[in-house]
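Chains, contacts and geometry: an overview
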Amino acid sequence: MPPVWSLRQSLPSDASWIAELRAQVMRPDLERLGRWDPVRVRQRFLTGFHPAHTFVIDVGASAAGVIAVRPESDEQWIEHFYLAPEYQGQGLGSAVLRHVLEAKRDHRPFRLTVLQGSPARRLYERTGFVHEHEDSIDVFLVAETDRKVVPRRTRSR
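Let me sum up the structure you'll find in this document. (Residues numbered from 1 in each chain as written. Predicted model: local features only at pLDDT ≥ 70, side-chain atom pairs only at ≥ 80, totals over all residues. Heavy atoms only, no water.)

Read from one edge of the open sheet, seven strands run S1-S2-S3-S4-S5-S7-S6, paired in mixed fashion. At either margin of the open sheet sits one strand with a lone partner, and together these are strand S1 (6-9) and strand S6 (130-134). For this sheet the average axis-to-axis angle between neighbouring strands, irrespective of direction, equals 30°. Pairing between strand S3 (residues 62-71) and strand S4 (residues 76-83): six bridges, direction antiparallel. Its bridge partner being in S4, Ala68 is matched across the sheet by Glu79. On top of the sheet, helix H3 (residues 92-103) reaches S1, strand S2 (54-59), S3, S4 and strand S5 (110-115); it is set at about 155° to S4, its chief contact. (Pairing = 2+ DSSP bridges. Helix = DSSP H or I, 4+ residues; strand = E, 2+ residues; numbered from the N terminus. Axes fitted to C-alpha atoms, helices over the stretch in contact; angles between N-to-C directions. Contact = heavy atoms within 4.5 Å.)

Written out as structure tokens, the structure is:
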């Protein structure tokens, strides 16, 4: 059973700690892939941070993580979904993701990327995401909504 949690809208002042959380959570996978850059991992988040699309996951009085949903006209992107290591493996990620998918559900499919070999992929697949395509670094996943999903793009190898 996951801990009791809530979501709150992020604020611009949350940016620096979220960038640190991103670096902490992504470091093992980025090192494994030979892509770890301590400056770039933080800067990529700070450059694309949109507080209006980002929600802080609170457990009690502690910020346990973050999730963003970036809406586009024909899809919704789940981005920046990070849980602090001490909150991983307790069902919190599954609970939050299911809640967000249900709360934001409409005709648009949800899409996300996960790093090759990341254990987070199992969480996404348990929640209904399926493989769409991949490259040497990222795996692109999609979750269907009420209508049939048409593949966004295909890549030849």
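Inspection of the entire model under this criterion finds one cavity of 30 Å³ or more. By volume, the largest cavity amounts to about 50 Å³. What lines the largest cavity is simply Gly48, Phe49, His50, His53, Thr54, Ala68, Arg70, Glu79 and His80. The set of elements that each furnish at least two residues to the lining of the largest cavity consists of S3 and S4. The residue inventory of the lining of the largest cavity, partitioned by class, reads two nonpolar, five polar and two charged. (1 Å grid on protein atoms, 1.4 Å probe; cavity = no way out; pocket = protein on both sides within 12 Å on 5 of 7 lines; lining within 4 Å. Points joined across faces, edges and corners; volume = space filled by probe spheres on them. Nonpolar A, V, L, I, M, F, W, Y, C, P; charged D, E, K, R; others polar.)

In short, shape yes, function no, at least from these values alone.
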